[in-house]
Amino acid sequence: MKIFKILILGMLGVLLSLPTSASSDNLNQIKQRGTLRVGMSTFVPWAMRDKQGELIGFEIDVAKRLAADSGLKIEFVPTAWDGIIPALLANKFDVIIGGMSITEERAKSVLFTTPYSHSGVQVAVNKQLAGDVKVLADLNSRRVKISARRGAFTVQVARDNFPKAKILQFDDDAQAFQEVLNGSADAVIASSPKPEQEAIKHSDILFLPFKERLSKGNEAFAVRLGEDDKKAYFNEWIKARTDDGWLAQRYEYWFATLDWQKQVAQNQ
Amino acid sequence: MQSNNGNKAINQSAFPLNKLDYFLLLILVIVISWLYYRSAIGVNYQWHWAAAFDLIFTSRRDGSLPYFFQGLISTLRLTGWGLLFALLAGTLIGIARHSQFALLRTPAVLYIQLIRNIPPLVFIFIFYFFVSNQLIPLLGLEHLLRQSNHNSNAIVTFLFGPRNLWENLLSGVFCIGLLSAAYIAEVVRSGLEGIDKGQWEAAQTLGLSTWAKYRFVIAPQVISNITPPLAGQTISLVKDSSIVSLISIQELTFSGTEIANSSGFIFEIWIFVGIAYLILCLSLSLLFSKIESKSRKYLVK
């Protein structure tokens, strides 16, 4: 009987200690599989489909380089943005590389790496409906309607800066912009450089009232809570690519120039 | 007496249109022209039909089918397997619902009431994020669906799609299958209840086994009765399959969204997606009307 009790306690002890030895398992699992599964969402120009239906964009370049540097194959799991964090937690993929801004709320559910890009948030306003907007306070009124992408960081920025305005949320940026072009909303708030690009494209309808970007966001990779080994590995990689300037160069190509638009069938 | 002569002339034509008809037609023409005029100037959208059409038909870089059509085939697989699952499950649940044993009837009733009274989208979110994640490892399918790297042969790929999307497909099939099974169960139950009690008793009197009773007496009559509502339910299943795009199943609506957002041809691509669903559902309608006429052949109606 005594031996039996000792045996049971021994097994219990072993079982309890097992989870702690899994701290480097996450990365090993990926290496064993040989493929890095990346969750992303269509978000021009972070990730989008070119004319042939292949994925291109800043995030795609980053993910492909990360996989190549790690000696892994890459598999993209296109996911709807609203459900991307639940999908990560449900183990549908290993990491979110999708221009996800670091926010306190998100940090409660996922573990963020160090930032690898910094983008801003900008507002484009309909000339006809609100052409006299000059300062931030002009948009902070109950009669103003601002459209944004659901689940994006921009919604929080809009709420912080324009608490009295009404925020209309849409599943995609494209729909949010169409709402302002149609005149059903006064302004649209979105991540740069989309507002700047749309204001150039539709210069007869849209304009940018504020020269300075509203908020400087930090984007990072997101992994599940507790996966510190992956976070450390990705941080190392991000540091290396920031130091050799590769990240800055890719950001420049996708965000500051419009050379890539020939690859995508934009309605020019 | 004199005033009737004018009216008589109009009423003698093949299409007796009176003043009210002409007035309504005029209003209809005015409304349609006004809508067309407003859409041209009010919507602020540049139409690029030719470019969008080209985009739909551009092949992938490795020469395979265009992304739009890959989404369409994915929808076909999803609805095909979903329909099979829903018909089987729905028929069984419908028979259970109709049964005399409370042991069979109560779970069936609970299930049907649960599904029918929750919006499909809410059900799909709950089912996918909570149940599906527990169910798939529990059924031991995790290794088969997620981890294996072996290549599969052509027939399996044709029936189920690429290996890395199998889990996707299974979740989608479960979701829309379970949704539609509840409605199909009700249709089957109403079909069963529509059979005359005399038919059941006659089958019993002839000493037919349960299988023979269902196969030769009950089923032909039930099938001819339930084919119209079943057709409606099937078409509803095809349309509901677009909801699963919100849980990132790579079907037609999801592919359409990605293409529309990437290219900027929002309305054109969405109209093409709508046309694809329209063609799919019309074909199903035609199929079902053929089945309906065939099932009525031997019955006295």
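Residues numbered from 1 in each chain as written. Chains lettered and ligands numbered in written order. Predicted model: local features only at pLDDT ≥ 70, side-chain atom pairs only at ≥ 80, totals over all residues.

Trainee: How would you summarise the overall build of chain B if you had to cite specific residues and measurements?
Mentor: Looking only at helices and strands, one finds 13 helices and zero strands in chain B. Reading the secondary structure of chain B in the N-to-C direction produces α-α-α-α-α-α-α-α-α-α-α-α-α. Across the 301 residues that make up chain B, the buried fraction comes to 28%. Taking the intrachain contacts of chain B between residues at least 6 apart in sequence as the baseline, contacts between residues at least 24 apart amount to 74%. (Helix = DSSP H or I, 4+ residues; strand = E, 2+ residues; numbered from the N terminus. Buried ≥ 20, exposed ≤ 12 C-beta atoms within 10 Å, placed from the backbone. Contact = placed C-beta atoms within 7 Å.)

Trainee: Quick one: what's the story with the overall build of chain A, residue by residue and with numbers?
Mentor: Summing up its helical and strand segments, chain A has eleven helices and twelve strands in all. Seen through its principal axes, chain A has C-alpha atoms that stretch 85 × 40 × 30 Å. The buried share among the 268 residues of chain A stands at 38%. Pairs at least 24 residues apart make up 72% of the contacts formed inside chain A by residues separated by at least 6 positions.

Trainee: With reference to specific residues and values, describe unusual backbone geometry.
Mentor: Of note in this structure, Asn91(A) is not a glycine but carries a positive phi near 70°. Among the residues examined, Asn91(A) registers 14 C-beta atoms within 10 Å and is labelled partly exposed. Residues other than glycine seldom take positive phi values, yet Ser248(B) does so here, at roughly 65°. Mapped onto the elements of the fold, Ser248(B) is located in the loop between helix 11 (210-240) and helix 12 (252-263). Take Ser248(B): there are 24 C-beta atoms within 10 Å of it, and that puts it in the buried class.

Trainee: Please provide a residue-by-residue account of the nonpolar core, values included.
Mentor: Ranked by internal contacts, the top residues of the largest apolar core, which has 74 residues, are Ile146(A), Ala187(A), Val188(A) and Ile189(A). In terms of residue count, helix 9 (residues 166-193) of chain B provides more of this core than any other element does, 15 residues in total. Counting residues in hydrophobic clusters, the runner-up holds 34 residues, among them Leu36(A), Phe43(A), Val44(A) and Leu55(A). (Core = buried A, V, L, I, M, F, W, Y, C linked by C-beta atoms within 7 Å.)

Trainee: Just give me the short version of the interface of chain A and chain B, but keep the residues and values in it.
Mentor: The interface is formed by 28 residues belonging to chain A together with 31 residues belonging to chain B. Looking at the side of chain A that touches chain B, the elements with two or more residues in it are strand 2 (48-49), strand 4 (73-78), helix 4 (84-89) and helix 8 (173-182) of chain A. If one sorts the elements of the side of chain A that touches chain B by residue count, helix 8 of chain A sits on top with four residues. Class assignment of the residues belonging to the side of chain A that touches chain B gives a composition of twelve nonpolar, ten polar and six charged. (Nonpolar A, V, L, I, M, F, W, Y, C, P; charged D, E, K, R; others polar.)

Trainee: I'd like to hear about the packing of helix 4 (residues 67-98) of chain B against helix 11 of chain B, residue by residue, with values.
Mentor: When two helices pack together, their arrangement is given by the angle between the helix axes and the distance between those axes. Residues and elements named next belong to chain B. Running from amino to carboxyl end, helix 4 crosses helix 11 at an angle of 135°, the nearest separation of the two axes being 10 Å. One way to sum up the angle between helix 4 and helix 11 is to call them oblique. For the crossing formed where helix 4 meets helix 11, the hand is right-handed. Residue-level inspection shows Thr79, Gly82, Leu83 and Ala86 of helix 4 in contact with helix 11, the latter providing Thr234, Leu237 and Val238. When its residues are assigned to classes, the contact of helix 4 with helix 11 shows four nonpolar, three polar and no charged. (Axes fitted to C-alpha atoms, helices over the stretch in contact; angles between N-to-C directions. Parallel < 35°, antiparallel > 145°, perpendicular 65-115°, else oblique. Left-handed = near helix turned anticlockwise from the far one by under 90°.)

Trainee: Tell me what's going on with the domain arrangement of chain A, and back it up with residues and numbers.
Mentor: Residue and element names in this part refer to chain A. Assigned domains of chain A: these are domain 1 (26-118 + 217-262) and domain 2 (120-216). Here the C-alpha centre of domain 2 lies 26 Å away from the C-alpha centre of domain 1. With nine residues of domain 1 at the interface, the matching set in domain 2 holds eleven residues. (Domains from an automatic or database assignment.)

Trainee: Describe helix 3 (residues 58-70) of chain A, naming the residues involved and giving the relevant values.
Mentor: Residue and element names in this part refer to chain A. Across its 13 residues, helix 3 extends 18 Å between first and last C-alpha, which sits within 8% of the 18 Å expected from 1.5 Å per residue. Looking at the buried residues of helix 3, the elements they touch are strand 1 (35-40), strand 3 (55-56), strand 4, strand 5 (95-101), helix 10 (228-243) and helix 11 (246-256). Two residues or fewer after helix 3 comes Gly71, characterised by a positive phi angle close to 70°. (Expected span 1.5 Å × (residues − 1).)

Trainee: Hey, could you go over the environment of Pro228(B) for me, with residue numbers and the actual values?
Mentor: In this fold, Pro228(B) is placed in helix 11. It is 9.6 Å that separates the C-alpha atoms of Pro228(B) and Ile291(B), two residues lying 63 residues apart in sequence.

Trainee: Outline helix 9 of chain B, listing residues and values.
Mentor: Residue pairs spaced three or four apart in an α-helix point in one direction, given the helix's 3.6 residues per turn. Residue and element names in this part refer to chain B. The end-to-end C-alpha separation of helix 9 is 39 Å, in line with the 40 Å expected for 28 residues at 1.5 Å each. Along helix 9, the largest kink reaches about 25° and is centred on Ala181. With 22 of its 28 residues buried, helix 9 lies for the most part within the structure. (Bend = angle between axes of the 7 residues up to and from the residue.)

Trainee: Tell me about the environment of Ile73(B), and please be specific about residues and values.
Mentor: Residue placement: Ile73(B) occurs in helix 4. Along the chain, Ile73(B) and Glu251(B) lie 178 residues apart, while their C-alpha atoms are 7.8 Å from each other.

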